[in-house]
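This is what each chain is made of:
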Amino acid sequence: MEEKTKYSETDLETAIINKLQKFLLEMGKGYLFESRQKRFTFNEDSYYVDLVFYNRLLRCYVLIDLKVDKLTHQDIGQMQMYVNYYDRYEKLKDENPTIGILLCKENNDALVETTLPQDANIYASEYKLYLTDKKLLQDKLRQWIEEADVE
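Reading the values: rules and limits
- Residues numbered from 1 in each chain as written.
- Predicted model: local features only at pLDDT ≥ 70, side-chain atom pairs only at ≥ 80, totals over all residues.
- Heavy atoms only, no water.
- Salt bridge = Lys/Arg side-chain N within 4 Å of Asp/Glu carboxyl O.
- Helix = DSSP H or I, 4+ residues; strand = E, 2+ residues; numbered from the N terminus.
- Buried < 20%, exposed > 50% of the residue type's maximum accessible area, 1.4 Å probe, protein only.
- Expected span 1.5 Å × (residues − 1).
- Phe/Tyr/Trp six-rings, centres within 6.5 Å; stacked < 30°, edge-to-face > 60°.

Caption draft 1: Focus on the pattern of salt bridges. Tallying each qualifying case throughout the model produces 4 salt bridges. The salt bridge partner of glutamate 13 is arginine 36, with a shortest N-O separation of 2.5 Å. One end of the pair, glutamate 13, is in helix α1 (residues 9-18); the other, arginine 36, is in strand β1 (residues 31-42), with 23 residues separating them in the sequence. Taking the relative accessible area as the measure of exposure, glutamate 13 reaches 3% and is therefore buried. Residue arginine 36 is classed as partly exposed on the basis of its relative accessible area, which comes to 33%. Within the structure, one salt-bridge network assembled from shared partners comprises Asp65, Lys67 and Asp75.

Structural data, given as structure tokens:
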């Protein structure tokens, strides 16, 4: 089977759904999966949040939008709209504000910081489609152990 050279957001989303248990464990404690491609509509225009989770420990929704290219200010604005929608129409009064996470191929912290207000609950993080070479990881681990033994 030939490996793909370019992945779509749908490919990435499908891979996460197929490995949902592992993905939830990587996210941390308390995450519950609610929806994939959650649709909401304004004035006959439909919008879709890629992945919707609820964290029962944080008591808030966590929205994830997947981007296969470099992060843009439009992506950040779109996530801000999703978060605003959830805060205004989905969350209950006693729940905490919604968190938005943009998982992207290339993050740009300066762009995120400039685009969003300081109190925004939106974060961007890069993802990797594969792990670093196993031998490289083993060598790095040996180096860290040696450094720890010296101290």
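Caption draft 2: Seen up close, helix α3 (residues 73-90). Counted at 1.5 Å a residue, the expected span for α3 with its 18 residues is 26 Å, and the 25 Å between its end C-alpha atoms agrees. Within the sequence span of α3, burial applies to Asp75, Ile76, Met79, Tyr82, Val83, Tyr85 and Tyr86.

Caption draft 3: Structural view of the packing of aromatic side chains. According to the stated counting rule, one finds 13 aromatic pairs in the structure shown. Ring geometry for phenylalanine 33 and phenylalanine 53: centres 5.7 Å apart, planes at 65°, overall edge-to-face. Of this pair, phenylalanine 33 sits in strand β1 while phenylalanine 53 sits in strand β2 (residues 45-55), and the two are 20 residues apart along the sequence. Since its relative accessible area comes to 0%, phenylalanine 53 is described here as buried. With 5.7 Å between their ring centres and 85° between their planes, phenylalanine 40 and tyrosine 82 make a pair best called edge-to-face. With phenylalanine 40 in strand β1 and tyrosine 82 in helix α3, this residue pair connects regions lying 42 residues apart in the sequence.

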